[in-house]
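# Survey of secondary and tertiary structure
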Amino acid sequence: MFAMEIYAAVRRFVFIEGNGRREAARVFGLSRDTIAKMCRYSAPPGYVRTKAPKRPKLGPLLPVIDSILETDKTAPPKQRHTAKRIFERLRDEHGFAGGYTVVKDYVRLARTRSREVFVPLAHPPGHAQVDFGECVGVIGGVRMKLHVFCFDLPHSDACFIKAYAAETTEAFLDGHVSAFAFFGGVPLSILYDNLKIAVAKILGGGERRRTQAFTELVSHFLFDDRFGRPGKGNDKGKVEGLVKYSRANFLTPVPHAPSIEALNARLAERCRARQNERAGRHEQTIGERLVADMAAFRELPATPFEACHKVATKVSSLSLVRYRTNDYSVPTKYGFRDVLAKGFVDEVAIFCDGALIARHARSYARDDFIFEPRHYLALLEQKPGALDQAAPLQGWTLPETLAHLRRLLETRMGKRGKREFIQVLRLTEVFPEAVVIGAALDAIRLGAIGFDAVKQLVIARTENRPARLDLSAYPYLPSLNVKTTSPADYLALVSREAA
């Protein structure tokens, strides 16, 4: 390839100075064909291939290479063939006698032809994309994996993200409710990949069978749901980019927070602060472009949406309800009854015949037992001998006042004292625990050691009046016999002190 300066000198020598091409070939020491080409082109045209190269040795093996490259598309990225490995297989398995370069060149061209080409997409206002990402965080001093709900508005690049302990149906639903509340409206449509939380089955012709929970969400908020092609994340490239951006900018370094709620409050502030920034080549800020999105949004429904996963189940003989590998207690009177368990992000609520019968903090462990000790007190009143071995009460730390009251009750009444102590504990089913503890302390101070006395003192504290205790109602209490001192006894006592 000749330098551009030689091209310019030859062309000036011929066209400006009027010399012939033969003379130019003699002066510059070039062939006449080269001089003719320089006169024909103003710049070096480069090598132009007129027909495809022949590969006499590789040609019969091209289908083998194409088959290897096609199989690689489903193989793990780190276990796909390099051009060198393909060359070695052709040599060892098929007796290829050619060189490595011709194999490398063909592999490069074949991979270029198989790369997907994309169509530029327009993003009108009022539409959204949703996906989940993952990160690691330290919550309450415990290092754990977090699942991050990402909600992106492609027109304005405004975003909302929220972290959860697990990628569950209730987290998916709660993420939507939180995002709609954050922006103050409902998008016209939302684009998803084919996550199992939303899609129960992909049918022929691109149709999807939605899950019950997702259908309820769409029916309540009335947005259009759209789905990308299976395995094609680029169909929702905006939210895919948000997943990477939020992990690199909002969640790096590894976030530390006392609770997931505290972390999510920080993430919401980061999403608001990002609205003051510019994204891409836009001159307007994200917040300025968000105005068009919000103008296209639908209003939020007047009634709230219950973001929970519902499971119809039955209470066991141990008064436990199984939800997501864990067991939650209910009052013993509901044993063997049909109930509805509603799993929220932070709690599990259990209903029987439409009435709430139990509510527990949500556990994300496996094979865990979550007890409310008061659920078993009515049964323990009938079986007081099981009080010290009852599993639901093992982690229940009672204040010293109640422990002291139990010792006094059992000392004075024996087995009956244990039953009366359980009755005292049952007062906490109706009255605040602090009121019951205060009443127990009053009973100990007054020497009125019994359930009825504690109950009367609790009622008096609740009604804010003095207690009126009639000790004749407690025949098992020690009776008091105060005698009048006689003059003789008094004189004898004075004499002993004088001596």
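Structural notes, computed from the coordinates. Remember, predicted model here, so these are calculated numbers, not experimental data. (Residues numbered from 1 in each chain as written. Predicted model: local features only at pLDDT ≥ 70, side-chain atom pairs only at ≥ 80, totals over all residues. Heavy atoms only, no water.)

## Structural notes on empty space enclosed by the protein
Per the counting criterion, the structure on display carries one cavity of 30 Å³ or more. Counted as a void, the largest cavity has a volume near 40 Å³. Lining the largest cavity we find Gly-133, Glu-134, Cys-135, Val-148, Cys-150, Val-243, Ser-246, Arg-247 and Leu-251. When contributions to the lining of the largest cavity are tallied by element, the ones reaching two or more residues are strand 1 (127-139), strand 2 (142-153) and helix 9 (237-249). Of the residues that constitute the lining of the largest cavity, the class distribution is five nonpolar, two polar and two charged. (1 Å grid on protein atoms, 1.4 Å probe; cavity = no way out; pocket = protein on both sides within 12 Å on 5 of 7 lines; lining within 4 Å. Points joined across faces, edges and corners; volume = space filled by probe spheres on them. Helix = DSSP H or I, 4+ residues; strand = E, 2+ residues; numbered from the N terminus. Nonpolar A, V, L, I, M, F, W, Y, C, P; charged D, E, K, R; others polar.)

## Observations regarding the layout of surface pockets
In this structure, the largest pocket occupies an estimated 360 Å³ of space. Among the elements of the structure, helix 4 (62-72) and helix 6 (100-114) are those that each provide at least two residues to the lining of the largest pocket. Residue classes in the lining of the largest pocket are distributed as two nonpolar, two polar and seven charged. As a volume, the second largest pocket reaches approximately 300 Å³. Lining the second largest pocket are 17 residues, and of these Ile-260, Glu-261, Val-345, Asp-346 and Tyr-364 sit closest to its centre. Among the secondary structure elements, those contributing two or more residues to the lining of the second largest pocket are strand 3 (158-164) and helix 10 (260-274). Residues of the lining of the second largest pocket, tallied by class, amount to 10 nonpolar, two polar and five charged.

## Side note on the sheet that holds strand 11 (residues 326-329)
Judged by pairing direction, the sheet is mixed, and its three strands sit side by side in the order 10-11-15 without closing on themselves. The open sheet has two free edges, formed respectively by strand 10 (320-323) and strand 15 (369-370), since each of these has just one partner strand. With two bridges connecting them, strand 11 and strand 15 associate as parallel partners. Counted as the bridge partner of Tyr-328 is Ile-370 from strand 15. (Pairing = 2+ DSSP bridges.)

## Focus: the nonpolar core
Counting 55 residues, the largest nonpolar core has Phe-151, Phe-172, Phe-183, Tyr-192, Phe-214 and Phe-223 as its most contacted members. For this core, the element with the most residues is helix 7 (residues 169-183), which contributes seven residues. Excluding residues within four positions of it along the chain, Phe-172 makes contact with Val-130, Phe-132, Phe-149, Tyr-192, Leu-195, Ile-197, Ala-198, Phe-214 and Leu-217. Residues Leu-377, Leu-380, Val-436 and Val-454 belong to the second largest nonpolar core, which totals 25 residues. (Core = buried A, V, L, I, M, F, W, Y, C linked by side-chain atoms within 4.5 Å. Buried < 20%, exposed > 50% of the residue type's maximum accessible area, 1.4 Å probe, protein only. Contact = heavy atoms within 4.5 Å.)

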